[in-house]
Number of protein chains: 2
Amino acid sequence: MSHTYEYPRPAVSVDCVVFGLDEDQLKILLIQRGAEPFLGMWALPGGFVEPDENLNEAARRELQEETGLRGVWLEQLYTFGEVDRDPRTRVITVAWFALVKMSRYRARAASDAANVDWFPVSRLPRLAFDHRKVVRLGLQRLQAKVRYQPVGFELLPEKFTLRQLQQMYEVILDRQLDKRNFRKKILGMDILIELDEQESGVPHRAARLYRFDKSRYKSLLKAGFNFEI
Amino acid sequence: MSHTYEYPRPAVSVDCVVFGLDEDQLKILLIQRGAEPFLGMWALPGGFVEPDENLNEAARRELQEETGLRGVWLEQLYTFGEVDRDPRTRVITVAWFALVKMSRYRARAASDAANVDWFPVSRLPRLAFDHRKVVRLGLQRLQAKVRYQPVGFELLPEKFTLRQLQQMYEVILDRQLDKRNFRKKILGMDILIELDEQESGVPHRAARLYRFDKSRYKSLLKAGFNFEI
């Protein structure tokens, strides 16, 4: 079956930059291409938009089909439409970025095909299409966003220590933060719940665990509060 | 001539949310549709992407063809792709937002067809398609952006008074700012050049004129400076 139009049309795809935090490394989920063009090269998970699905639905479907990921935090990043970005035909791609709790996802990724893997953003392989550019913009957006919105919690386990929280910011922003100032700032915003639990199985003295208080944050937002790290 | 593809493809368009500042009002440039669907209704300037042009080129071309605007500050806003957003066929639109010095543009707009006009964002007519949603997102983006980037200067004349500058922020953010704090903050950033000129033709005491120092701002940026209002 073929489809005919009066004017030429581009194909439209979605691609996802999926970030995960692995201890002290920021990582991106890539798939290895099983077809031309760029056969065998690593690329962002993604694919063509179906006629009956919205763009965010397409992004979620492709993520699930290619990586098994479901229910992740997803936001539109940017649309890349350079005329020659795909050697086959004109393809305009709507890029999304996702934040994933790697601790929860690691097992599933391991059980999946060998052609899905996490790579440190600092040591990415050569990527297909213009995906290097897409990743670069995703990283910039993440770095800008974590400072003004509490999205970084999406990368952490539900319960985390203040050390893990600070490390998350240091890894994303790629710089050291002063421990005292950081704790003062984050605790001062009153958006964490201090739990009656400590971390376990660590070689150092076990630290207190915290949880992000999303409903508290939402009510603060309505009152004009500005999150800022 | 017709165009045939193996899989169905959506049409892709661009639409522009063009902001201008008219004294104490934030305005948006709209065009009146001369064809179905939504014949006679107001809409954002825009149109279909040509096969041989990049998305930003399409946005600039449509802006010029439909409104006469050239060389404006333009940035990608968001891509809207709800399945049923156009009654004709599936159309995915890449929305852009533009900031314009109205003082410079007013004359040209007046000489153009009657179907282009500026509307206050607070009193927009009914808009075609999902353009109301696009405008709302554009406004949110502008409000977020002016606080962390000196984009607001794009809306002001080259030479402006501190009163005009403050008014620009007040109009966009839709709230009063304390004059003393505002001046301390903006002058403290050291990104304005104080001119040896004063405004003219005003009913009140003529105030000093200033200019935004873009090259100074760029070198401050490299040194890790954060703009913030």
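The numbers attached to residues start from 1 for each chain and follow its sequence in the written order. Going through the entries in the order they are written, you letter the chains from A and number the ligands from 1. Totals for whole chains, interfaces and linings use all residues, but because this is a predicted model, local features are given only for residues with pLDDT of at least 70 and pairs of side-chain atoms are given and counted only at 80 or more. Only hydrogens and water are set aside; all other atoms, that is, all heavy atoms of the structure, feed into the side-chain values.

## Points about the overall build of chain A
- Helix and strand assignments come from DSSP, with helices taken as H or I runs of at least 4 residues and strands as E runs of at least 2, each series counted from the N terminus. Looking only at helices and strands, chain A has 6 helices and 10 strands in total.
- Principal-axis analysis of the C-alpha atoms places the extent of chain A at approximately 65 × 40 × 30 Å.
- Note on exposure labels: buried denotes an accessible area under 20% of the residue type's maximum, exposed denotes more than 50%, and partly exposed covers the range between, all computed with a 1.4 Å probe on protein chains only. Split into buried and exposed, the 229 residues of chain A put 52% on the buried side.
- Restricting the contact set of chain A to residue pairs at least 6 apart, pairs at least 24 apart contribute 66%.
- Using a 1.4 Å probe, the Shrake-Rupley method yields the accessible areas, and only the shown protein chains count as cover for residues. Of the roughly 11,800 Å² of accessible surface on chain A, 46% is carried by carbon and sulfur atoms.
- Working convention for charge: Lys and Arg count positive, Asp and Glu count negative, and His plus the chain ends are omitted. By convention, charge coordinates are those of NZ in Lys, CZ in Arg, CG in Asp, or CD in Glu. Side chains of chain A give 36 positive and 32 negative charges; the mean places of these two sets differ by 6 Å. Should any heavy atoms of two residues lie within 4.5 Å, those residues are considered in contact.

## Some words on the domain arrangement of chain A
All names here are of chain A.
- Domains assigned within chain A are domain 1 (11–147) and domain 2 (156–222).
- Where each domain starts and ends follows an automatic or database-derived domain assignment. Here the C-alpha centroids of domain 1 and domain 2 sit 28 Å apart.
- On the side of domain 2, 9 residues touch domain 1, which itself brings 12 residues to the contact.
- Accessible area that two parts lose when put together, evaluated with a 1.4 Å probe and summed over both, is termed the buried area. Contact between domain 1 and domain 2 buries roughly 950 Å² in total, counting both sides, with carbon and sulfur atoms accounting for 66%.
- Three residues stand out in domain 1 for area buried against domain 2, namely Leu21, Lys101 and Val146, and they jointly supply 45% of the buried area on that side.
- We count a salt bridge whenever a side-chain nitrogen from Lys or Arg sits within 4 Å of a carboxyl oxygen from Asp or Glu. Seen at the junction of domain 1 and domain 2, the total is 0 salt bridges.

## What to know about unusual backbone geometry
- A cis amide bond links A:Glu36 with the next residue in sequence, A:Pro37, at an omega value of -5 degrees.
- Despite not being glycine, B:Glu23 has its phi angle at roughly 55 degrees, a positive value.
- Along the polypeptide, B:Glu23 turns up in the loop between β2 (11–22) and β3 (25–32).
- The residue B:Asp174 is not glycine, and still its phi comes out positive at about 60 degrees.
- Here B:Asp174 shows up in the loop between α4 (162–173) and α5 (179–188).

## Describing a negative patch on the surface
- Candidates for patches are residues over 30% relative accessible area with no salt bridge; among them, like charges are joined within 9 Å and nonpolar side chains (Val, Leu, Ile, Met, Phe, Trp, Tyr) within 5 Å. A surface patch of negative charge is lined by A:Glu50, A:Asp52, A:Glu57, B:Glu82 and B:Asp84.
- Tracing the backbone shows B:Glu82 in the loop between β6 (73–80) and β7 (91–100).
- Taking relative accessible area as the criterion, B:Glu82 reaches 32% and is therefore assigned partly exposed.

## Brief notes about helix α1 (residues 55–67) of chain A
- The end-to-end C-alpha distance of α1(A) is 18 Å, a good match for the 18 Å that 13 residues give at a rise of 1.5 Å each.
- Phi turns positive one or two residues past the end of α1(A), at A:Gly68, with a value near 80 degrees. Helix span, as expected, comes to 1.5 Å for every residue beyond the first.

## Structural notes on the packing of helix α3 (residues 131–148) of chain B against α4(B)
All names here are of chain B.
- Inter-axis angles, ranging from 0 to 180 degrees, are taken between N-to-C directions of lines fitted to C-alpha atoms, where helices are fitted over the stretch in contact. For the pair α3 and α4, the least separation of the axes is 9 Å and the interaxial angle reads 145 degrees. The handedness of the crossing between α3 and α4 comes out as left-handed. Every residue of α4 that contacts α3 at Leu142, Gln143, Val146 and Arg147 is listed here: Tyr169, Ile172 and Leu173.
- Class assignment of the residues belonging to the contact of α3 with α4 gives a composition of 5 nonpolar, 1 polar and 1 charged. Throughout, a crossing is termed right-handed when the near helix is turned clockwise from the far one, and left-handed when it is turned anticlockwise from it by less than a right angle. Residues are sorted three ways: Asp, Glu, Lys and Arg are charged, Ala, Val, Leu, Ile, Met, Phe, Trp, Tyr, Cys and Pro are nonpolar, and all the rest, Gly among them, are polar.

## Section: the interface of chain A and chain B
- The interface of chain A with chain B comprises 35 residues on the first partner and 35 residues on the second.
- A buried area of about 2,900 Å², summed over both sides, lies between chain A and chain B, and 48% of it is on carbon and sulfur atoms.
- Remark: the boundary between chain A and chain B carries 0 salt bridges.
- In protein, a polar contact means a hydrogen-donor-capable atom and an acceptor-capable atom, both N or O and within 3.5 Å, with residues adjacent in sequence counting only if both atoms are side-chain atoms; elsewhere, any N or O pair within 3.5 Å suffices. Joining chain A to chain B, the criterion identifies 21 residue pairs in polar contact (both at pLDDT 80 or more).
- Counting only elements with at least two residues in the side of chain A that touches chain B, the list comes to β1 (3–5), β2 (11–22), β6 (73–80), β7 (91–100) and α3 (131–148) of chain A.
- Considering each element in turn, the side of chain A that touches chain B owes the most residues, 4 residues, to β6(A).
- Its residues assigned to classes, the side of chain A that touches chain B comprises 17 nonpolar, 9 polar and 9 charged.
- Two strands pair when backbone bridges link them, and β1(A) and strand β1 (residues 3–5) of chain B are joined in this way by 3 bridges, in the antiparallel orientation. Along β1(B), the bridge assignment pairs A:Tyr5 with B:His3. A pair of strands is considered paired only if DSSP assigns at least 2 bridges between the two.

## Considering α4(B)
Residues and elements named next belong to chain B.
- With 12 residues, α4 should reach 16 Å at 1.5 Å per residue; the first-to-last C-alpha distance of 16 Å fits that figure.
- Of all 12 residues in α4, 9 are buried, a share of seventy percent or more.
- If you check which residues of α4 are buried, you get Leu162, Leu165, Gln166, Met168, Tyr169, Glu170, Val171, Ile172 and Leu173.
- The secondary structure elements touched by the buried residues of α4 are β2, β3, α3, α5, β9 (192–198) and β10 (208–212).
- Looking one or two residues beyond α4, the residue adopting positive phi is Asp174, at roughly 60 degrees.

## Some points on the relation of the copies chain A and chain B
- The copies are overlaid by a least-squares fit using only the C-alpha atoms of residues whose pLDDT is at least 70 in both copies. Rotating chain A by 180 degrees and translating it 0.0 Å along the rotation axis places it on chain B, where the RMSD comes to 0.0 Å. Such values leave the two copies arranged in the relation of a two-fold axis. Among all C-alpha atoms of chain A, that of A:Thr4 lies closest to the rotation axis, at 2.1 Å.
- The fraction of interface residues of chain A whose copies in chain B are also interface residues reaches 100%, indicating that both copies meet through the same surface.

## So, the environment of A:Gly152
Residue and element names in this part refer to chain A.
- With respect to the element layout, Gly152 can be found in the loop between α3 and α4 (162–173).
- Considered as a pair, Gly152 and Thr67 are 85 residues apart in the sequence and their alpha carbons are 22 Å apart.
- In contact with Gly152, not counting residues within four places along its chain, are Val146 and Met168.

## A few points about the packing of aromatic side chains
- The criterion for an aromatic pair is that two Phe, Tyr or Trp rings (for Trp, the six-membered ring) have centres within 6.5 Å, with stacked assigned to planes under 30 degrees apart, edge-to-face to planes over 60 apart and tilted to the rest. Here the structure, examined in full by the defined rule, presents 24 aromatic pairs over all chains.
- Ring centres of A:Tyr148 and B:Tyr148 lie 4.3 Å apart, and the angle between their planes is 25 degrees; on these two criteria the pair is classed as stacked. Taken together, the residues A:Tyr148 in helix α3 and B:Tyr148 in helix α3 connect one chain to another.
- Measuring from centroid to centroid gives 4.2 Å for A:Phe153 and A:Phe212, while their planes differ by 5 degrees, and the two rings are stacked. With a gap of 59 residues between them, A:Phe153 in the loop between α3 and α4 and A:Phe212 in strand β10 (residues 208–212) connect regions that are remote in the sequence. Both residues of the pair, A:Phe153 and A:Phe212, belong to the buried class.
- Ring-pair connections join several aromatic residues into one group, and the members of that group are A:Phe153, A:Phe160, A:Phe212, A:Tyr217, A:Phe225 and A:Phe227.

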